[in-house]
Number of protein chains: 2
Amino acid sequence: MSREEMDALAKERLVHIARGWYDQMRDGVVPFIRLPTRTKQNIAYDDATEVWKYGEKESTRSATTEKGAVHLLKMAYLVWFLKKQLVENRSSTLRELYYISEGWKKAKFAAQDESNLLIEDLEIITEVQREAFHLRPEEDGASIFGPVRLRETTRRGVKEIHCQDDVGEAGYPIPNNVDNLEFIDHDAKFVVAIETGGMYARLMENGFDEEYGAVLVHLKGQPARSTRRVLRRLNESLNLPVVVFTDGDPWSYRIYASVAYGSIKSAHMSELLATPQAQFVGVQPSDIADYNLPADHLTEQDINALKAELTDPRFATDYWRTQINLQLDMKLKSEQQAFASRGLDFVTKEYLPKRLSEMGVI
Amino acid sequence: MSREEMDALAKERLVHIARGWYDQMRDGVVPFIRLPTRTKQNIAYDDATEVWKYGEKESTRSATTEKGAVHLLKMAYLVWFLKKQLVENRSSTLRELYYISEGWKKAKFAAQDESNLLIEDLEIITEVQREAFHLRPEEDGASIFGPVRLRETTRRGVKEIHCQDDVGEAGYPIPNNVDNLEFIDHDAKFVVAIETGGMYARLMENGFDEEYGAVLVHLKGQPARSTRRVLRRLNESLNLPVVVFTDGDPWSYRIYASVAYGSIKSAHMSELLATPQAQFVGVQPSDIADYNLPADHLTEQDINALKAELTDPRFATDYWRTQINLQLDMKLKSEQQAFASRGLDFVTKEYLPKRLSEMGVI
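All values reported here derive from a predicted model rather than from experimental measurement.

Caption draft 1: Geometry of the overall build of chain A. Assigned secondary structure in chain A consists of 13 helices and 17 strands. Here the C-alpha atoms of chain A give a radius of gyration of 23 Å, agreeing with the 21 Å that 2.2 N^0.38 yields for 362 residues. Partitioning the intrachain contacts of chain A with sequence separation of at least 6 by distance along the chain shows that 72% fall at a separation of at least 24. With the model as given, the accessible surface of chain A reaches about 15,200 Å², and the carbon-plus-sulfur share is 49%. Charge-centre separation for chain A: the mean point of 46 positive side chains lies 7 Å from the mean point of 56 negative side chains.

Caption draft 2: Structural detail: the side chain of Asp 209 of chain A. If you trace the backbone, Asp 209 of chain A turns up in helix H6 (residues 208-212). Of note is the side chain of Asp 209 of chain A, whose polar atom sits 2.9 Å from the side chain of Gln 164 of chain A. Ignoring sequence-local partners within four residues, the contact set of Asp 209 of chain A consists of Phe 145, Gln 164, Leu 203, Met 204, Ala 214 and Leu 216 of chain A together with Arg 156 of chain B.

Caption draft 3: The UniProt feature "binding site: Mg(2+)" (unreviewed entry) in chain A, seen in detail. Residue and element names in this part refer to chain A. In this structure's numbering, the residues bearing the UniProt feature "binding site: Mg(2+)" (unreviewed entry) are Glu 195 and Asp 247. In sequence the annotated residues extend across 53 residues, while in space they remain close, none of their C-alpha pairs exceeding 7.2 Å. In this structure, Glu 195 sits in the loop between strand E12 (190-194) and helix H5 (197-205). In this structure, Glu 195 is in contact with His 218, Leu 219, Lys 220, Gly 221, Phe 245, Thr 246, Asp 247, Ser 252, Ile 255 and Gln 336, ignoring residues within four places of it in sequence. Residues within four places of Asp 247 in sequence aside, it is in contact with Glu 195, Thr 196, Ser 252, Tyr 253, Val 283, Ser 334, Glu 335 and Gln 336.

Caption draft 4: Inspection of empty space enclosed by the protein at higher detail. For the structure on display, the rule yields seven cavities of 30 Å³ or more. Its volume calculated, the second largest cavity comes out at about 90 Å³. Residue lining of the second largest cavity: 14 residues in total, with Asp 166, Val 167 and Gly 171 of chain A together with Val 167 and Pro 173 of chain B positioned closest to the centre. Grouping the constituent residues of the lining of the second largest cavity by class yields eight nonpolar, four polar and two charged.

Caption draft 5: Quick peek at the interface of chain A and chain B. Opposite the 54 residues of chain A that make contact, chain B presents 54 residues. Taking both sides of the interface into account, the surface hidden between chain A and chain B amounts to around 4,600 Å²; carbon and sulfur atoms contribute 46%. Looking at the side of chain A facing chain B, the largest losses of area belong to Tyr 99, Arg 156 and Glu 205 of chain A, adding up to 16% of the total buried there. One salt bridge in this structure joins Glu 205 of chain B and Arg 155 of chain A, with 4.0 Å as the shortest N-O distance. Here the side of chain A that touches chain B takes six residues from H5 of chain A, the largest share from any one element. Looking at the side of chain A that touches chain B residue by residue, the classes come out as 15 nonpolar, 17 polar and 22 charged.

Caption draft 6: Representation of the sheet that holds strand E9 (residues 157-162) of chain A within the structure. All names here are of chain A. Ordered in space as E9-E8-E11, the three strands form an open sheet in which the pairing is antiparallel. If you trace the sheet from one side to the other, it starts and ends with E9 and strand E11 (181-186), each paired once. Going across the sheet, the axis of each strand differs from the next one's by a mean of 20°, ignoring polarity. With six bridges joining them, strand E8 (residues 148-154) and E9 adopt antiparallel strand pairing. In the sheet register, Arg 149 faces E9, and the bridge partner there is His 162.

Caption draft 7: Looking closely at the UniProt feature "domain: Topoisomerase 6 subunit A/Spo11 TOPRIM" (unreviewed entry) in chain A. Within this structure's numbering, the places UniProt gives as "domain: Topoisomerase 6 subunit A/Spo11 TOPRIM" (unreviewed entry) are residues 190-356 of chain A. Taken end to end, residues 190-356 of chain A is 50% helix and 13% strand, and its first and last C-alpha atoms sit 10 Å apart.

Caption draft 8: Main features of the pattern of salt bridges. The full count for this structure, using the stated rule, is 62 salt bridges over all chains. The partner of Arg 202 of chain B in a salt bridge is Glu 96 of chain A, and the shortest N-O contact between them spans 2.7 Å. Note that Arg 202 of chain B is positioned in helix H5 (residues 197-205) and Glu 96 of chain A in helix H3 (residues 94-100), a pairing that runs across two chains. Each member of the pair, Arg 202 of chain B as well as Glu 96 of chain A, is classed as buried. Where Arg 355 of chain B meets Glu 358 of chain B, a salt bridge forms, and the shortest distance between an N and an O atom there is 3.2 Å. A residue pair is termed a helical-turn pair when its members lie 3 or 4 positions apart in one helix, as Arg 355 of chain B and Glu 358 of chain B do in helix H13 (residues 346-358) at three residues. Given a relative accessible area of 9%, Arg 355 of chain B falls into the buried group. The network of salt bridges with shared partners includes Arg 90, Glu 96, Arg 136 and Arg 155 of chain A together with Arg 202, Glu 205 and Asp 345 of chain B.

Caption draft 9: How the structure looks around the relation of the copies chain A and chain B. With an RMSD of 0.0 Å, chain A superimposes on chain B once it is rotated by 180° and translated 0.0 Å along the axis. In short, the pair behaves as if placed about a two-fold rotation axis. When the interface residues of chain A are mapped onto chain B, 100% of them are again interface residues, pointing to one common binding face.

Caption draft 10: Spotlight on the packing of helix H2 (residues 66-87) of chain A against helix H4 (residues 112-126) of chain A. All names here are of chain A. Contact geometry for H2 and H4: axes closest at 11 Å, N-to-C directions at 75°. The angle between H2 and H4 falls in the class roughly perpendicular. Of the residues in H4, those touching H2 at His 71, Lys 74, Met 75, Leu 78, Val 79 and Leu 82 are Glu 114, Leu 118, Ile 119, Asp 121, Leu 122 and Ile 125. In terms of residue class, the contact of H2 with H4 is built from eight nonpolar, one polar and three charged.

Caption draft 11: Structural context of the sheet that holds E12 of chain A. Residue and element names in this part refer to chain A. Reading across the sheet, the six strands line up as E10-E7-E13-E12-E14-E15 and stay open at both edges, with mixed pairing between neighbours. The open sheet is flanked by strand E10 (172-173) and strand E15 (279-282), the only strands paired with a single partner. Two elements, strand E7 (residues 143-145) and strand E13 (residues 214-218), share three bridges in a ladder whose sense is antiparallel. The partner of Ser 143 across the bridge, within E13, is His 218. Running at roughly 155° to E13, H5 makes contact with E7, E12, E13 and strand E14 (242-245) of the sheet.

Caption draft 12: Layout of unusual backbone geometry. Residue and element names in this part refer to chain A. Across the junction of Gly 282 and Val 283, the peptide omega takes the value 5°, indicating a cis bond. Examined against the element boundaries, Val 283 turns out to sit in the loop between E15 and helix H10 (285-290). Despite not being glycine, Lys 105 has its phi angle at roughly 50°, a positive value. Within the fold, Lys 105 resides in the loop between H3 and H4. Judged by its relative accessible area of 68%, Lys 105 falls in the exposed class.

Reading the values: the criteria
Residues numbered from 1 in each chain as written. Chains lettered and ligands numbered in written order. Predicted model: local features only at pLDDT ≥ 70, side-chain atom pairs only at ≥ 80, totals over all residues. Heavy atoms only, no water. Helix = DSSP H or I, 4+ residues; strand = E, 2+ residues; numbered from the N terminus. Rg over C-alpha atoms; globule rule 2.2 N^0.38 Å. Contact = heavy atoms within 4.5 Å. Areas by Shrake-Rupley, 256 points an atom, 1.4 Å probe, with all protein chains shown as cover. Lys, Arg positive; Asp, Glu negative; His and termini not counted. Charge placed at Lys NZ, Arg CZ, Asp CG, Glu CD. Polar contact = N/O pair within 3.5 Å; in protein donor to acceptor, adjacent residues only side chain to side chain. UniProt positions renumbered as here; feature names shortened; annotations may be inferred. 1 Å grid on protein atoms, 1.4 Å probe; cavity = no way out; pocket = protein on both sides within 12 Å on 5 of 7 lines; lining within 4 Å. Points joined across faces, edges and corners; volume = space filled by probe spheres on them. Nonpolar A, V, L, I, M, F, W, Y, C, P; charged D, E, K, R; others polar. Buried area = accessible area lost by both parts, 1.4 Å probe. Salt bridge = Lys/Arg side-chain N within 4 Å of Asp/Glu carboxyl O. Pairing = 2+ DSSP bridges. Axes fitted to C-alpha atoms, helices over the stretch in contact; angles between N-to-C directions. Buried < 20%, exposed > 50% of the residue type's maximum accessible area, 1.4 Å probe, protein only. Least-squares fit on C-alpha atoms with pLDDT ≥ 70 in both. Parallel < 35°, antiparallel > 145°, perpendicular 65-115°, else oblique.

Okay, here's the thing in structure tokens:
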């Protein structure tokens, strides 16, 4: 879909909400909207798409109460503003949007959490992403280094960039709106999504991308939506396997889970953002013992997070149960950069080639 | 200085430390090192260079105590490892270095804070930056967008990049080692260093860089050393005025101060990292009242930080005393994106042109 078609679609969907309220009022119905209930209890695995999605439960917001009426008023202002923004071909950050509501009297947002949530509601109702409304988050920041040539449609024209030849050592920074990106060609065999900047730079310095045809993607901790969208598209449109390489602790396993299965907050976008084929490389709890990695003791929070993962449907596999129980027994965690204790080449010469060939990726 | 010359110099300076200890032992002296005392009390303004530097006070570390001996042992291992790294043309992150010390027995670092501090000590003794030892921090991440063409020497060859024409909307990401960068030519009149990603994107979307010949630099909060070094070099080698645009709160004023005057932690590098000519644009406390900006109440921590700034020599000017006292009276703070409450163009059409012309920059 071209940018113009996407803008037209987003505008049409916004106007459709307002038209619904108009029709309700014309028919003597107090205006309302209906949405899936956005809680952990209402998330279910969808076999067809292999991602976690909202279930059948719905909530209704109606103008019959003052609270409900103010909620719809805020949504109406938001629809008006976003439509105007599309017509004028402007964009704004989620933070700016919160400040813009200063002039909306009773519809002014109390905090940015409120406007963010309402934007997510709009995404669910309209079935388009916030990027289609020209809204962007505060920070971008993840980056790509590897044998991929892409085309980015920017406000200053179309740019073609090869993510090894045309970039500096920091790589190609992923823009907020990934739908302005098109992958033109590539010489890659797989994608490694990496949690820390240190490991991203290590793989690049050691020439891992060149030797194995790997596209390195720096996740910068819990990945932004744009980063998850890029991974999904590298997997789907270029047909490249995606592997996720993180620290060996429960918080990092959640990073993997959000790449592979999506998150509760963005369950309505799972089909666009999740990469169900993504595989976890490590650091595995078994690696800590096998390679005698420098490790720290698990904290009380770590232990609780691991126990929570044992009941999380995203981790309901033999592999994860074995690894998590092993970690609870050992009471240890290791960072991915702990491989440096065995020399700066160990991770690219020994660990990754062995793991990736076990996993069938190379 | 070429990369090879820099490597040779760094190696020579490292060996010089070891030679010093050797000579001490040969002469029957228990080995020691001497360093400036690294506390706030030992920082003084240097009129010649216009930055804050360490003063005359010195501390001695000697092997006469067990603690001192272990300290020198760790430094000796570090000197050995860094020299080896230079010879092999490798590099490593500060985090990897901490893990590498796993194999150093009694010289193993207890935590990364310890290795980081020791690296800073080495910088002071050798008078070269850690980048010269091929050490890099975990994350890079700040970026540039504007009419500058630069040349980056990377492990994959030399890249020439124009920071408007050859980059996507996220701009050119600043690499860790800025000394591999060379500015080739430019069409710029000044540099705006911007605290938040939202405002950086706003200025870019509104075409502020094109209209005014501005180089936009995203600081990403408290700026990394590489970012401060880039600002200094844009100011010094291209002779461009630098202005700093942040939120209107005491923490943001510290961001400005670290750009303009340096910080205690890196006072030994102030001449390389600080840009004494850098001017503060805003958000000024007076702007909050003048433009009736959406504001939050100061917290107890904010008030204490403002009071601390009143006694900080870096803020000992009439301008800052007036603004800080005004803010303490108003008890309010505002973010830079709060200008969005007056429309998305206000900041680039009204506020910045007015401020920059008052300041004599445009």
